[in-house]
Amino acid sequence: MNIHESVAALAAYAVDRGLIEQADFVWAVNSLCQALGLDSWEEPAAVPAGVPLEDILTAILDWAEARGLIDGGVTSRDLLDTKLMGILTPRPSEVIRKFETLYRENPESATDWYYGFSQDTNYIRRDRIRKDVKWIAATPYGDLDITINLSKPEKDPKAIAAAKLAPQSGYPRCQLCRENEGYMGRVNHPARQNHRIIPITINQEDWFFQYSPYVYYNEHCIVFNGQHVPMKIDRATFRKQLDFIQRFPHYFVGSNADLPIVGGSILSHDHFQGGRYTFAMEKAPLEETVSFSGFGDVEAGIVKWPMSVIRLRCGDDERLVELADRILRAWRGYTDADAFIFAETAGEPHNTITPIARMRDGQYELDLVLRNNLTTEEYPLGVYHPHQELHHIKKENIGLIEVMGLAVLPARLKTELEDLAAALIEGRDIRSIGHLEKHADWAEELKTRYAFTADNAMDILKTEVGRVFAQVLEHAGVYKCTPEGRAAFRRFIASVG
């Protein structure tokens, strides 16, 4: 396609997906031409039909690069194609009105439309999401989800160099702030002209609802505070989460913890993550039931899971909030030296909770995952964090998504696992291969249990990555799945009263 055909195809795509109407076609073409610096227009003999969006945008971006409009790096291409899609994206008021109209009919209809819309605008880049590598790994704790994340682009060298020279800006204050809606972006902040958010009220506060552009699981959404305030787990957190699932009962919602190491990547802006997906932790049964004084109406138990999870269930949401708050306050101040649990050292607090809320069989359910971010000389990144011998697979923080049983692994592993499989088949010395050396101890142990062939090598590695991830979760659990660990867990529960 030449540039005129590409522009016409993009405008036609927007009409087809309901982003604009047919009456807007000429306006859309002129607006796109203006953005591309085209001062004349040659109407194609026929508008190309059925061309995938990524192909249309690639043709336009290649044309722009050839003419020096962009430098050709991923960042500059993203800035331009988002600008073009922003031209075709309806205004926020129109999106909100459509969502609320559908919501009055059915909450699922509203989220179905909004999720599709967020993909049609290319805010969620379908072509990149498809590149993610995903598989299921069987473990003693159930089938865990494993993902190698390839959809979040790494900064290219040109963008890194440009960012050093760019003037520093504090707007938007972070990538979760509501001010990202419609923002033009810059070399060190993504463009969001095609981004639209939905206002919601939870616990009588103004929050917003959107989807993650990286979609680690189905309908992966983000619910964020309208104010740029830090993450905080408290009684109000449970109230907000239950308010959200009242409004969207087909979704779960959870929060990262509010302390470093055991929290997520963004602690500076209060937010939750949710979606329409059943994680392994949700499927996990209760290992044993427990009770809390004064809460006989609340079902409670320890979940059969590598991390330390108390599950609460009740038809009365306010009773759940009361009990969850009691457990949180007890855990914040709880020390058990015999179990190596310390509420604080040198004035630094260590205990917090990762909470997840959902509806199940018409009742409210809360999973409270006990967390502790203590560090020692032996474990400088965290005692309850993946230990050094697992860092070749997973070194990053264990946040909400991993807690629930989905491993988000670094992009480097795609190539490393492929190369490791080839090296094992060929019988090569792993320690002598620079980028694979980190896997050498693991590979040596695997060779004692497997005979690697071209037919089985990659399947074996995928299975074993799943087992490593199960170990990662075991390391992150404050109470181990041992008789001693469970006895210590019961001591804490008894202390709650």
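Residues numbered from 1 in each chain as written. Predicted model: local features only at pLDDT ≥ 70, side-chain atom pairs only at ≥ 80, totals over all residues. Heavy atoms only, no water.

## As for the side chain of arginine 311
Now for step 1: Relative to the assigned elements, arginine 311 resides in strand S10 (residues 309–314).
Now for step 2: Overall, the relative accessible area of 4% leaves arginine 311 in the buried class.
Now for step 3: From its side chain, arginine 311 meets the backbone oxygen of alanine 284 in a polar contact 2.9 Å long. (Helix = DSSP H or I, 4+ residues; strand = E, 2+ residues; numbered from the N terminus. Buried < 20%, exposed > 50% of the residue type's maximum accessible area, 1.4 Å probe, protein only. Polar contact = N/O pair within 3.5 Å; in protein donor to acceptor, adjacent residues only side chain to side chain.)

## Comments concerning the layout of surface pockets
Over the atoms, a rolled probe matching the size of one water molecule traces out where space is still vacant.
Now for step 1: Volume-wise, the largest pocket comes out at about 1000 Å³.
Now for step 2: Going through the elements one at a time, strand S7 (271–275), helix H12 (400–403) and strand S15 (406–409) are the ones with two or more residues in the lining of the largest pocket.
Now for step 3: A total of 3 residues in the lining of the largest pocket trace back to one element, the largest contributor, which is H12.
Now for step 4: Tallied by class, the residues present in the lining of the largest pocket amount to 13 nonpolar, 15 polar and 6 charged.
Now for step 5: Put simply, the second largest pocket is a space of about 570 Å³.
Now for step 6: Examining the composition of the lining of the second largest pocket, we find that 6 residues originate from one element, helix H3 (residues 53–66), more than from any other.
Now for step 7: Residue composition of the lining of the second largest pocket, grouped by class: 16 nonpolar, 5 polar and 12 charged. (1 Å grid on protein atoms, 1.4 Å probe; cavity = no way out; pocket = protein on both sides within 12 Å on 5 of 7 lines; lining within 4 Å. Points joined across faces, edges and corners; volume = space filled by probe spheres on them. Nonpolar A, V, L, I, M, F, W, Y, C, P; charged D, E, K, R; others polar.)

## Some points on the pairing of strand S5 (residues 221–225)
Now for step 1: Across the 5 residues of S5, 5 count as buried, placing the element largely inside the fold.
Now for step 2: Of the two faces of S5, the one holding Cys221, Val223 and Asn225 and the one holding Ile222 and Phe224 are both buried throughout.
Now for step 3: Where S5 and S7 come together, 4 bridges link them in antiparallel fashion. If you follow isoleucine 222 over to S7, its bridge partner there is glutamine 273. (Pairing = 2+ DSSP bridges.)

## Overview of the nonpolar core
Now for step 1: In terms of nonpolar packing, the biggest core is built from 94 residues, with Phe209, Phe244, Phe292, Leu312 and Tyr479 touching the most fellow members.
Now for step 2: Of all the elements, helix H1 (residues 3–16) adds the most residues to this core, at 9 residues.
Now for step 3: Aside from chain neighbours lying at most four places away, what touches phenylalanine 209 is Phe99, Thr111, Tyr114, Ile197, Ile198, Ile200, Cys221, Ile222, Val223, Phe224, Phe244 and Tyr251.
Now for step 4: The next biggest cluster of nonpolar side chains, apart from the first, holds 56 residues, and it includes Met307, Ile401, Val403 and Leu413. (Core = buried A, V, L, I, M, F, W, Y, C linked by side-chain atoms within 4.5 Å. Contact = heavy atoms within 4.5 Å.)

## Examining the side chain of lysine 394
Now for step 1: By the element assignment, lysine 394 lies in the loop between strand S14 (363–372) and H12.
Now for step 2: A polar side-chain atom of lysine 394 sits 3.1 Å from a polar atom in the side chain of glutamate 402.
Now for step 3: From its side chain, lysine 394 meets the backbone oxygen of valine 408 in a polar contact 2.9 Å long.
Now for step 4: Residues in contact with lysine 394, not counting those within four places in the same chain, are Pro386, Glu402, Val408, Leu409 and Val472.

## A few points about empty space enclosed by the protein
Now for step 1: For the coordinates displayed, the defined rule picks out 2 cavities of 30 Å³ or more.
Now for step 2: Size it by volume and the largest cavity reaches roughly 40 Å³.
Now for step 3: The dominant element in the lining of the largest cavity, judged by the number of residues it contributes, is strand S9 (residues 299–303), at 3 residues.
Now for step 4: Considered class by class, the residues forming the lining of the largest cavity number 2 nonpolar, 1 polar and 4 charged.
Now for step 5: In this structure, the second largest cavity occupies an estimated 30 Å³ of space.

## Here we look at the environment of isoleucine 327
Now for step 1: Among the structural elements, isoleucine 327 can be located in helix H11 (residues 317–332).
Now for step 2: For the pair isoleucine 327 and glycine 497, spaced 170 residues apart in the sequence, the C-alpha separation amounts to 9.1 Å.
Now for step 3: What isoleucine 327 contacts, discounting residues up to four positions off in sequence, is Phe292, Ile310, Leu312, Ile353, Leu368, Phe492 and Val496.

## A closer look at the sheet that holds strand S8 (residues 286–290)
Now for step 1: Here we have 10 strands laid out as an open sheet, ordered S3-S4-S5-S7-S6-S13-S14-S10-S9-S8, and antiparallel in their pairing. On the outer flanks of this sheet lie strand S3 (198–202) and S8, each paired with one strand and no other. Ignoring strand direction, the axes of neighbouring strands in this sheet form an average angle of 25 degrees.
Now for step 2: Examined bridge by bridge, strand S13 (residues 351–360) and S14 share 10 bridges and lie antiparallel to one another. Opposite arginine 360, over in S14, you have glutamine 363 as the bridge partner. (Axes fitted to C-alpha atoms, helices over the stretch in contact; angles between N-to-C directions.)

## Some details on the packing of aromatic side chains
Now for step 1: In the structure shown here, the tally under the stated rule is 31 aromatic pairs.
Now for step 2: Arranged with centres 5.0 Å apart and planes meeting at 40 degrees, the rings of phenylalanine 244 and phenylalanine 248 form a pair that is tilted. Residue phenylalanine 244 shares its accessibility class with phenylalanine 248, and that shared class is buried.
Now for step 3: Every member of this aromatic cluster is reached through a ring pair, and the members are Phe99, Tyr103, Tyr114, Tyr115, Phe209, Tyr211, Phe244, Phe248 and Tyr251. (Phe/Tyr/Trp six-rings, centres within 6.5 Å; stacked < 30°, edge-to-face > 60°.)

## Quick word on the pattern of salt bridges
Now for step 1: Within the structure shown, the criterion is met by 46 salt bridges.
Now for step 2: A salt bridge links arginine 239 to glutamate 318; the shortest N-O distance between them is 3.0 Å. Of this pair, arginine 239 sits in helix H9 (residues 235–247) while glutamate 318 sits in helix H11, and the two are 79 residues apart along the sequence.
Now for step 3: The exposure class assigned to arginine 239 is buried, which follows from its relative accessible area of 13%.
Now for step 4: For arginine 412, the salt bridge is made with glutamate 416, and the minimal N-O distance between the two is 2.8 Å. With a gap of 4 residues between them, arginine 412 and glutamate 416 both fall in helix H13 (residues 412–426), about one helical turn apart.
Now for step 5: What makes arginine 412 partly exposed here is its relative accessible area of 28%.
Now for step 6: When salt bridges with common partners are traced through the structure, they connect Glu282, Glu299, Arg311, Arg313, Arg358, Arg360, Glu365 and Asp367 into a single cluster. (Salt bridge = Lys/Arg side-chain N within 4 Å of Asp/Glu carboxyl O.)

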